[in-house]
Amino acid sequence: MRRRGVLLFVVIVAVLTFAAPPASAEFFTDLYLGGAFTADNDLDAQFGTTLQLLEDVEFDSALVLGGRVGYWFPRPVYNTLGIGVALDVSYFEPDIDAQTVEGAQTVGGVVSVGDFVVFPIDISVVALGLDLMLRWTLLPSYDFPDGRLHPFISIGPAVFFTEAEDTTNFIPGGQSDSDTSLGFKMGAGVTYLIARNVGIFGEWRFTYFSPEWKFNDLGDSGRLETDLDTFHFLVGVALRF
């Protein structure tokens, strides 16, 4: 399951890395890594005719890897605000470990509340986003006519490809399912050029989407659904063409 997600991620990063043509216009490629921190959230579960609402389920912190390729449009000399577009891809694994949570269960119209055990679920995410970007060009000089310090912000839609591998929440155990969801991403950061075409950057990012995975449970339908609200803290290398 994870090998398919990793393979998809590697292929997309390779395309992004080598897609920018060598030209005098300002195309760019960024490569980055960092941490992904997914907020606790409710998990809606279905086991045949039994419904459960599991509250404040914890997701693991994870390593995030990614890259983007884009283009900064020409701008008037008097205007220090630049506009660009970028295609971004990232990969992270917000797994669910075994835990006991509070929740509610509905069976035959009867609702009961109490503690419920959630068994481990391995989750992998490949995010493919289209960003609108704005940047400010600060600290211009003879060697850096477009500035050496570039604060930036980004926002845009994203498609999230997720796979979930269950352990023993559903019977039989070891089932997996994939989901494709539309969500969004936004971020802010700053790039510092150490040479005219090479820089380093730091970035804060937020992503949001709602995956749903379907399983079998003793021959009946099973389902898991949640919201993934994830904060990413990234560092990377910026290449300008």
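This text follows the structure it describes.
Residues numbered from 1 in each chain as written. Predicted model: local features only at pLDDT ≥ 70, side-chain atom pairs only at ≥ 80, totals over all residues. Heavy atoms only, no water.

Visitor: How would you sum up the pattern of salt bridges? Please name residues and give values.
Guide: Counted by the stated rule, this structure contains nine salt bridges. Here Asp30 ties to Arg68 by a salt bridge, and the two come within 2.8 Å at their closest N and O atoms. Taken together, the positions of Asp30 in strand E1 (residues 27-38) and Arg68 in strand E4 (residues 62-72) put the pair 38 residues apart, joining distant regions of the chain. The exposure classification of Asp30 matches that of Arg68, with both residues buried. (Salt bridge = Lys/Arg side-chain N within 4 Å of Asp/Glu carboxyl O. Helix = DSSP H or I, 4+ residues; strand = E, 2+ residues; numbered from the N terminus. Buried < 20%, exposed > 50% of the residue type's maximum accessible area, 1.4 Å probe, protein only.)

Visitor: Break down the pairing of strand E14 (residues 228-240) for me, with residues and values.
Guide: Within a regular beta strand, the side chains point alternately toward one face of the sheet and then the other, so they alternate between its two faces. Where E1 meets E14, 11 bridges bridge the pair, whose relative direction is antiparallel. Residue pairing across strands places Thr29 opposite Leu239, the latter belonging to E14. Inspection of the sheet shows strand E11 (residues 198-209) paired to E14 by 12 bridges, in the antiparallel sense. The residue of E14 that forms the bridge with Trp204 is Phe233. (Pairing = 2+ DSSP bridges.)

Visitor: Just give me the short version of the side chain of Thr230, but keep the residues and values in it.
Guide: With respect to the secondary-structure elements, Thr230 resides in strand E14. We classify Thr230 as buried; its relative accessible area is 0%. There is a polar contact of 2.8 Å between the side chain of Thr230 and the side chain of Thr38. With near-sequence residues (within four places) excluded, Thr230 lies in contact with Ala36, Phe37, Thr38, Phe92, Arg205, Phe206 and Thr207. (Polar contact = N/O pair within 3.5 Å; in protein donor to acceptor, adjacent residues only side chain to side chain. Contact = heavy atoms within 4.5 Å.)

Visitor: Run through the sheet that holds strand E7 (residues 110-118), naming residues and quoting values.
Guide: Pairing is antiparallel across the open sheet formed by six strands, whose spatial order is E7-E6-E3-E2-E13-E12. Taken across any chain shown, the strands that pair with only one partner, and hence form the sheet edges, are E7 and strand E12 (212-217). In this sheet, neighbouring strand axes are inclined to one another by 20° on average, regardless of whether the strands run parallel or antiparallel. Of the pairings in the sheet, the one linking strand E6 (residues 99-107) to E7 comprises nine bridges and is antiparallel in character. (Axes fitted to C-alpha atoms, helices over the stretch in contact; angles between N-to-C directions.)

Visitor: I'd like to hear about a negative patch on the surface, residue by residue, with values.
Guide: On the surface, Asp40, Asp42, Asp44, Glu55, Asp56, Glu58, Asp97, Glu102 and Asp115 cluster together into a negatively charged patch. Contributing elements (two or more residues each) for the negative patch: strand E2 (41-47) and strand E3 (50-57). Within the secondary structure layout, Asp115 lies in strand E7. (Patch = residues over 30% accessible without salt bridge, like charges linked within 9 Å, V, L, I, M, F, W, Y side chains within 5 Å. Areas by Shrake-Rupley, 256 points an atom, 1.4 Å probe, with all protein chains shown as cover. Lys, Arg positive; Asp, Glu negative; His and termini not counted. Charge placed at Lys NZ, Arg CZ, Asp CG, Glu CD.)

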